[in-house]
Amino acid sequence: MGRHKKGEEINGWLVIDKPRDMGSTDVVNFTRRFFNAKKNGHCGTLDPFATGVLPIAFGEATKLIPYVTEARKEYEFVVKWGEATSTSDTEGEVVAFSDKVPTREEILAVLPQFFGEVEQVPPVYSAIKINGKRAYDLARKGEEVVMPSRKIKIYDLALIEELPEKQARFRVECSKGTYIRTLGQDIALKLGTVGHLKELRRTKCGNFGLDDAITLEKLKNMVHSSTPNEVLLPIETYLRDIAVIAVSEADAAKLKLGQGLSPKAYGLDGSVEYEAVATHDGKMVAVVRIDNRKIAPVRVFNL
């Protein structure tokens, strides 16, 4: 029996344009095998029904997953008016009908009501855990599931176009934890009708957008190319809109040992506490928290 290979030390990001009808974990498992990588994980789960930006972190990049997951997301979604389904998307049975199809003016008039911080009740068919069990598993067993509401934030919501067959396409920029299926259903209810999502596509997840993404098909076709690793983005890609401090070699060594640095030495104002990334020679050394007392390492990278 040959020994099972542990996998290679691969560090970086792979942004997948997730296909429909595939789970986020399936994408993680496929890409881990594809690169024979030791360790990877995804940021911000997408339902099998949804498509679009799914960032996969490899190796040391996995330390940044919580930051990307916390970041804002952007989606495009299509609502079909007049039919509500048990899952608020195309997967469920139709549970309610309405003859009302809202006009463009009516739609534009209600959208501002969704801006800002809102309480949202997640759909019963979701991956949220209730008493240790996933809500969708309880729902499929026919158990009565009461979902607690949660605070989410909508930064932008726009009607892109009206479509044939009683449909409309929207774009939303929102906080983590926002259920777009519920948003689509709530917009319909606010308009005096019912509705469900026909399509859901994530166009942005934190700093990662569709421009960074590659399809699984394209990835599979790269098996024969000499360097499939070329599609991996460096860990530093995460730095697109975060404060960066270049530190000396000696200070980089201190941070790696978990020691803090003086903000004054770097001329930093720490009156408001914030997080940044310390780099040396263009490589990430650590995510640091800066206040007026010190620059403290939060997560350290071994690159």
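You'll find the structure just up there.
These notes cover the structure that comes with them. (Residues numbered from 1 in each chain as written. Predicted model: local features only at pLDDT ≥ 70, side-chain atom pairs only at ≥ 80, totals over all residues. Heavy atoms only, no water.)

1. What about the sheet that holds strand E18 (residues 295-300)?
Reading across the sheet, the 4 strands line up as E15-E16-E17-E18 and stay open at both edges, with mixed pairing between neighbours. What marks the edges here is a single partner per strand, and that holds for strand E15 (244-246) and E18. On average, adjacent strands in this sheet sit at an angle of 40° to one another, irrespective of strand direction. Judged from the 5 bridges that link them, strand E17 (residues 283-290) and E18 form a sheet pairing that is antiparallel. Each residue of the ladder has a partner; that of alanine 286, found in E18, is valine 300. (Pairing = 2+ DSSP bridges. Helix = DSSP H or I, 4+ residues; strand = E, 2+ residues; numbered from the N terminus. Axes fitted to C-alpha atoms, helices over the stretch in contact; angles between N-to-C directions.)

2. Focus: the pairing of E17
Within E17, 6 of the 8 residues are buried, which leaves the element mostly enclosed by the surrounding structure. When strand E16 (residues 274-280) meets E17, the two strands line up antiparallel, connected through 7 bridges. Its bridge partner lying in E17, valine 277 is registered against valine 287. The turn joining E16 and E17, which pair antiparallel and follow one another in sequence, is formed by 2 residues; a positive phi near 55° is taken by aspartate 281. Two successive antiparallel strands, E17 and E18, enclose a turn made up of 4 residues. (Buried < 20%, exposed > 50% of the residue type's maximum accessible area, 1.4 Å probe, protein only.)

3. Here's the deal with the nonpolar core
Within soluble globular proteins, side chains that are nonpolar generally end up buried alongside one another. One finds Leu14, Phe35, Phe77 and Leu219 to be the most contacted residues of the largest nonpolar core, which totals 45 residues. Beyond its immediate sequence surroundings of up to four residues, phenylalanine 77 is in contact with Leu157, Ala168, Arg169, Phe170, Val172, Ile180, Leu183, Gly184, Ile187, Leu197, Glu199 and Leu200. In this structure, Trp13, Ala57, Val68 and Met284 belong to the second largest nonpolar core, which totals 19 residues. (Core = buried A, V, L, I, M, F, W, Y, C linked by side-chain atoms within 4.5 Å. Contact = heavy atoms within 4.5 Å.)

4. Things to note about the pattern of salt bridges
One pass over the structure, following the stated rule, counts 17 salt bridges. We note a salt bridge from aspartate 47 to arginine 181, for which the minimum N-O separation is 3.2 Å. Note that aspartate 47 is positioned in the loop between strand E2 (40-42) and strand E3 (51-58) and arginine 181 in helix H5 (residues 180-190), a separation of 134 residues in sequence. By relative accessible area, which is 5% here, arginine 181 ends up buried. In this structure, glutamate 275 and arginine 289 form a salt bridge, with 2.9 Å as the shortest nitrogen-oxygen distance. Taken together, the residues span a long stretch of sequence, with glutamate 275 in strand E16 and arginine 289 in strand E17 at a distance of 14 residues. The class for arginine 289 is partly exposed, based on a relative accessible area of 36%. (Salt bridge = Lys/Arg side-chain N within 4 Å of Asp/Glu carboxyl O.)

5. Describing the side chain of arginine 202
Relative to the elements of secondary structure, arginine 202 occurs in strand E12 (residues 195-205). It is aspartate 47 that comes nearest to the buried, bridge-free arginine 202 among opposite-charge side chains, at 9.2 Å. Polar contacts involving the side chain of arginine 202 include one to the side chain of tyrosine 75, which spans 3.4 Å. (Lys, Arg positive; Asp, Glu negative; His and termini not counted. Polar contact = N/O pair within 3.5 Å; in protein donor to acceptor, adjacent residues only side chain to side chain.)

Function cannot be read off these values alone, since they describe shape.
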